[in-house]
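An overview of the molecular structure
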Amino acid sequence: MGVVRDDDGWRVPDELWTKVEPLLPPRPEHPLGCHNPRTPDRQAMDGILLVLRTGMQWRALKATGICGPSSAYRRFREWLEAGVFWEFWRQGLLMYEALEGIDWEWLAVDGAQGKAPLGGEKTGPNPTDRGKKGSKRSVLCDGRGVPIGLVVGGANTNDHKLLRQTLESIPVPRPGSTSQQPQGLCLDAGYDYDEVRRVAEDFGLTLHVRPRDYRTREVERCAHKKARRWVVERAHSWHNRFRRILVRWEKREDTWLAMLHLACGVIAWFHRVLPE
């Protein structure tokens, strides 16, 4: 995915580090004025990225020699509170907009649910896993599949209930929709509700939603039209390659979102090298 170096395959590459380092807050002062040498920030980020990519437990970092588990998690929490991961995603989208331009013409939203064995905030009974705890992420992507909006909820939350929050979560300015440059919002049949139509109208979006009473003749009549919803499935596939996201181990909502924001940022910075 373009996020590795040639040494051991799990380190933060130089190109990515030059984007992350300016976002890090200054080193906090120790209350006693002295302490053991602080783990370098880059080593801590190596450890955080390793946890994100493999889904390993924080304490398993001790065996890797990359970074101590306490140092990595403590730095993760410091950077979360400073908004580093959200800002990393935002900066990646600004770069993407400058180089290629976000494809606002065809937007797509869909939810993906996964297991949350430890439960925690924003989890709920998973309707597809015998009521075990699960979490859902609702992702908004542009016409190329790059995630530009994201919120989380319990696995039992209907996708359409998260739509407004998902559209509000875009971290970069969204241009207005005009008759010359309309913005389409592509959704599956799970969004075929009047509430969704009102949300689309509020945001000035042209709704393209597959109705729940879809018929074969309608498929045949529209066969010449290019499907647009598939790009959000690509976005979810990219997310699932980060194993910490595939199964949620964070009990706290903020740490869960931080992992998701970091993954979104990596995708935004490196989407050009991701497979089509």
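Look a little higher up for the structure.
Model, not experiment: these values are computed from the prediction.

1. Quick look at the packing of aromatic side chains
Scanning the entire structure with this criterion turns up five aromatic pairs. Site record: aromatic cluster; members linked through ring pairs are W58, Y73, F76 and F85.

2. Observations regarding the pairing of strand 1 (residues 106-115)
Most of strand 1 is tucked away: eight of the ten residues are buried. Relative to strand 5 (residues 184-187), strand 1 runs parallel, the two being bridged by three bridges. Its bridge partner being in strand 5, L107 is matched across the sheet by L185. The pairing of strand 1 with strand 3 (residues 133-141) spans eight bridges and is classified as antiparallel. Directly across from A112, in strand 3, lies its bridge partner R137.

3. Some words on unusual backbone geometry
Phi at K122 is positive, roughly 55°, even though this residue is not glycine. Here K122 is to be found in the loop between strand 1 and strand 2 (124-125).

4. Some words on the pattern of salt bridges
As enumerated under the stated definition, the model contains 15 salt bridges in all. A salt bridge links R38 to D41; its shortest N-O distance comes to 3.8 Å. The class of R38 is partly exposed, set by a relative accessible area of 24%. In this structure, D41 engages R75 in a salt bridge whose closest nitrogen and oxygen atoms are separated by 2.7 Å. Residue D41 is located in helix 2 (residues 41-54), and its partner R75 is located in helix 3 (residues 69-81); the two are separated by 34 residues in the primary sequence.

5. What to know about empty space enclosed by the protein
Counted according to the given criterion, the structure contains one cavity of 30 Å³ or more. Every residue along the wall of the largest cavity is listed here: V12, L16, V20, M45, L49, F88, L262 and V266. Of all the secondary structure elements, the ones that give two or more residues to the lining of the largest cavity are helix 1 (14-20), helix 2 and helix 10 (253-270). Of the residues belonging to the lining of the largest cavity, the class tally is eight nonpolar, no polar and no charged.

6. Re the nonpolar core
Counting 73 residues, the largest nonpolar core has F85, L163 and L185 as its most contacted members. Looking at which element gives the most residues to this core, the answer is helix 10, with 13 residues. Excluding residues that lie within four positions of it along the chain, L185 makes contacts with L107, A108, V109, L140, L163, L167, L205, T206, L207 and H208.

Here is what the cut-offs are and how they apply
Residues numbered from 1 in each chain as written. Predicted model: local features only at pLDDT ≥ 70, side-chain atom pairs only at ≥ 80, totals over all residues. Heavy atoms only, no water. Phe/Tyr/Trp six-rings, centres within 6.5 Å; stacked < 30°, edge-to-face > 60°. Buried < 20%, exposed > 50% of the residue type's maximum accessible area, 1.4 Å probe, protein only. Helix = DSSP H or I, 4+ residues; strand = E, 2+ residues; numbered from the N terminus. Pairing = 2+ DSSP bridges. Salt bridge = Lys/Arg side-chain N within 4 Å of Asp/Glu carboxyl O. 1 Å grid on protein atoms, 1.4 Å probe; cavity = no way out; pocket = protein on both sides within 12 Å on 5 of 7 lines; lining within 4 Å. Points joined across faces, edges and corners; volume = space filled by probe spheres on them. Nonpolar A, V, L, I, M, F, W, Y, C, P; charged D, E, K, R; others polar. Core = buried A, V, L, I, M, F, W, Y, C linked by side-chain atoms within 4.5 Å. Contact = heavy atoms within 4.5 Å.

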